[in-house]
Amino acid sequence: MSNLQVVLLSGGSGTRLWPLSRKAYPKQFLALAGEATMLQDTWQRVAPLAGSAPIVVANEEHRFLAAEQLRLVGVEGAAIVLEPVGRNTAPAIAAAALQAVADGGDPLLLVLPSDHVVRNPGAFQAAVREAMPAAEAGALVTFGIVPEAPETGFGYIQAEAAPAAGVRDVLRFVEKPDAQTARGYLEEGGYYWNSGMFLFRATRYLEELEKFQPEMVAAVRKAFEGAARDGDFIRLDRDAFAASPADSIDYAVMEKTAGARVLPVDIGWNDVGSWSALWEVSEQDGDGNAYHGDVIAVDSRNSYAYSRRLVAMVGVDDLVVVETDDAVLVAHKDKVQQVKDVVARLQAGDRSHAVLHREVHRPWGSYDSIDQDDGFQVKRIKVKPGGRLSLQSHRHRAEHWIVVRGTARVTRDNDVFELHANQSTYIPLGAKHRLENPGTDMLELIEVQSGDYLGEDDIVRYEDVYGRS
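Residues numbered from 1 in each chain as written. Predicted model: local features only at pLDDT ≥ 70, side-chain atom pairs only at ≥ 80, totals over all residues. Heavy atoms only, no water.

## Points about the environment of Val-174
Locating Val-174 in the fold gives a position in strand E8 (residues 168-174). A relative accessible area of 14% places Val-174 in the buried class. Through-space distance from the C-alpha of Val-174 to that of Tyr-191 is 9.2 Å; in sequence the pair is 17 residues apart. Sequence-distant contacts of Val-174, defined by excluding residues within four places in its chain, comprise Gly-155, Tyr-156, Tyr-185 and Tyr-191. (Helix = DSSP H or I, 4+ residues; strand = E, 2+ residues; numbered from the N terminus. Buried < 20%, exposed > 50% of the residue type's maximum accessible area, 1.4 Å probe, protein only. Contact = heavy atoms within 4.5 Å.)

The following block contains the structure:
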């Protein structure tokens, strides 16, 4: 399997499950269906097939989150291709393909959205192995999900009738149908849900994309050749990538190419496109309720709750309740997709909830803004072992640091000293300072900022190991 290169798509513009924010926390970075995040699950289910670390295509804003989640499951040396702007899946996969052939090779690319649930990873691994000969021979293979119901939320693929199981020709791709049409597909047979997962040679994909979308290939190639490389990060040139047409792989290639093939699979698949879909794939109690977090349900049925704090549901049916640090979502399971209307109102009102999450990830760790008002802000800061913030100063604020857990090495002007749990220090306005974690455990501290301006852009950096200016 050494010729197989896994490509994880984690930066697209698909459905966000996080209650209100459409930008900061896409579902692939959350632990929704188990202990691992969906990104981690996606990699781990196919890691036995791969001969190397994955190529990850991520939104530039999520680069540290993606890198850290992969590190936590033992992935080293992943190539993380950063999209400066979203251009849908066809250009994203083209960038991954260019990275895959950069060393002169031509691997098979197993392209996977990193926000799906697959309940039978063994069956999926077997399906990939079964599809490999066709992909080796030049086919562009997609995996069609054997439908369980007349689902109207998925696109469908009609495949040729075949005397036996296996890879078969694609007759056509079909948009999301109405309920009557979907029932007809199930009765007729030969129709499969479009999973958005693909297997093909890198050069074959680029060849077919160039045939149908030459401007896209030219733009992505220019963006790749002009990319800045920073460790594992490959930062595509913004102007060149923004000039690419935006299109999905289905529209740009699969619906046009004569090389499209489909392998029907039954692998316990769900794209978890809504909170109600997450309820379907989660373990449920005797009353049909599913939970994530600290939840108590009394006289309640067929509901889903995701919580950080204690949530109690009493006498409710068919509800989705999501409690986070930022917001609370309460919706009927059949209406939960209308969260997009709430987001539209937030955007119209210029509310930060539509684009920001309270916890922000950085290469050294993360910070969580837990309280603020005029003249002050309180943050909970986590610095991973070996993490080192930039040497910096502030023009408008002073800071108080109180260590809660771990060991902090503090640079303050000409002084360097260590702090342990229950110890604190003061960083005056204008002082050059740096925070480091020299230990092997996570460093956690509370930072209290005070001043007339507390924005994140009030930073003057003098040295930074992560190349930020």
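Moving on from the model shown.
## What to know about unusual backbone geometry
Generally, phi is negative for residues other than glycine and the peptide bonds are trans, each holding for most cases. The backbone phi angle of Asn-302 is positive, close to 55 degrees, even though this residue is not glycine. Relative to the assigned elements, Asn-302 resides in the loop between strand E15 (295-298) and strand E16 (304-306). Asn-302 gets classed as partly exposed once you look at its relative accessible area, which sits at 30%. If you check the backbone angles, Asp-318 has positive phi at about 60 degrees while not being a glycine.

## Topic: helix H2 (residues 63-72)
Taken across its 10 residues, H2 has 7 buried, putting it largely inside the fold. Within the sequence span of H2, burial applies to Arg-63, Phe-64, Leu-65, Ala-66, Glu-68, Gln-69 and Leu-70. Along its buried surface, H2 packs onto helix H1 (38-46), strand E2 (55-59), strand E3 (79-83), strand E11 (233-235) and strand E20 (359-362).

## Observations concerning the packing of helix H3 (residues 89-100) against helix H6 (residues 202-212)
Working note: a packed helix pair is described by the angle between its axes plus the distance between those axes. Their axes nearest at 9 Å, the elements H3 and H6 cross at an angle of 135 degrees. In terms of orientation, H3 and H6 fall into the oblique class. Here H3 runs over H6; the crossing is left-handed. Between H3, through Thr-89, Ala-90, Ile-93, Ala-94, Ala-97, Leu-98 and Ala-100, and H6, the contact on the second element is made entirely by Ala-202, Tyr-205, Leu-206 and Leu-209. Looking at the contact of H3 with H6 residue by residue, the classes come out as 10 nonpolar, 1 polar and no charged. (Axes fitted to C-alpha atoms, helices over the stretch in contact; angles between N-to-C directions. Parallel < 35°, antiparallel > 145°, perpendicular 65-115°, else oblique. Left-handed = near helix turned anticlockwise from the far one by under 90°. Nonpolar A, V, L, I, M, F, W, Y, C, P; charged D, E, K, R; others polar.)

## Considering the confidence of the model for the chain
For the chain, per-residue confidence averages 89 on the pLDDT scale, and 92% of positions sit at 70 or higher. With pLDDT under 50 throughout, residues 12-17 is counted as low confidence; its partners more than four residues away or in other chains account for 13 contacts. Across residues 20-24, confidence stays below pLDDT 50; counting only partners more than four residues off in sequence or on other chains, it has 23 contacts. (pLDDT = per-residue confidence, 0-100.)

## Let's talk about the nonpolar core
Leu-110, Phe-124, Phe-143 and Leu-199 are the most contacted members of the largest nonpolar core, which totals 46 residues. With 6 residues, the single largest contributor to this core is helix H4 (residues 121-136). Excluding residues that lie within four positions of it along the chain, Leu-110 makes contacts with Leu-4, Gln-5, Val-6, Val-7, Val-46, Phe-124, Val-128, Phe-143, Phe-198 and Leu-199. Membership of the second largest hydrophobic core comes to 45 residues, among which are Phe-173, Phe-198, Phe-241 and Ile-249. (Core = buried A, V, L, I, M, F, W, Y, C linked by side-chain atoms within 4.5 Å.)

## Considering the sheet that holds E20
Strand order in the open sheet made by the 6 strands is E20-E21-E22-E29-E24-E27, with antiparallel pairing throughout. Here the strands that pair on one side only, and so sit at the sheet edges, are E20 and strand E27 (424-427). Along the sheet, successive strands turn relative to each other by an average axial angle of 20 degrees, direction set aside. In terms of strand pairing, strand E22 (residues 376-383) meets strand E29 (residues 443-451) through 8 bridges, oriented antiparallel. Paired with Gln-377 across the strands is Gln-449, a residue of E29. (Pairing = 2+ DSSP bridges.)

## Thoughts on the side chain of Glu-208
Structurally, Glu-208 is set in helix H6. Setting aside anything within four residues of it in sequence, one finds Glu-208 in contact with Leu-140, Val-253, Thr-257 and Ala-258.

## Overview of the pattern of salt bridges
Applying the stated criterion across every chain, the model contains 20 salt bridges. Between Glu-68 and Lys-384 there is a salt bridge, with the nearest N and O atoms lying 3.0 Å from each other. Residue Glu-68 is found in helix H2, and its partner Lys-384 is found in the loop between E22 and strand E23 (391-393); the two are separated by 316 residues along the sequence. Between Arg-204 and Glu-207 there is a salt bridge, and its shortest N-O distance comes to 2.5 Å. (Salt bridge = Lys/Arg side-chain N within 4 Å of Asp/Glu carboxyl O.)

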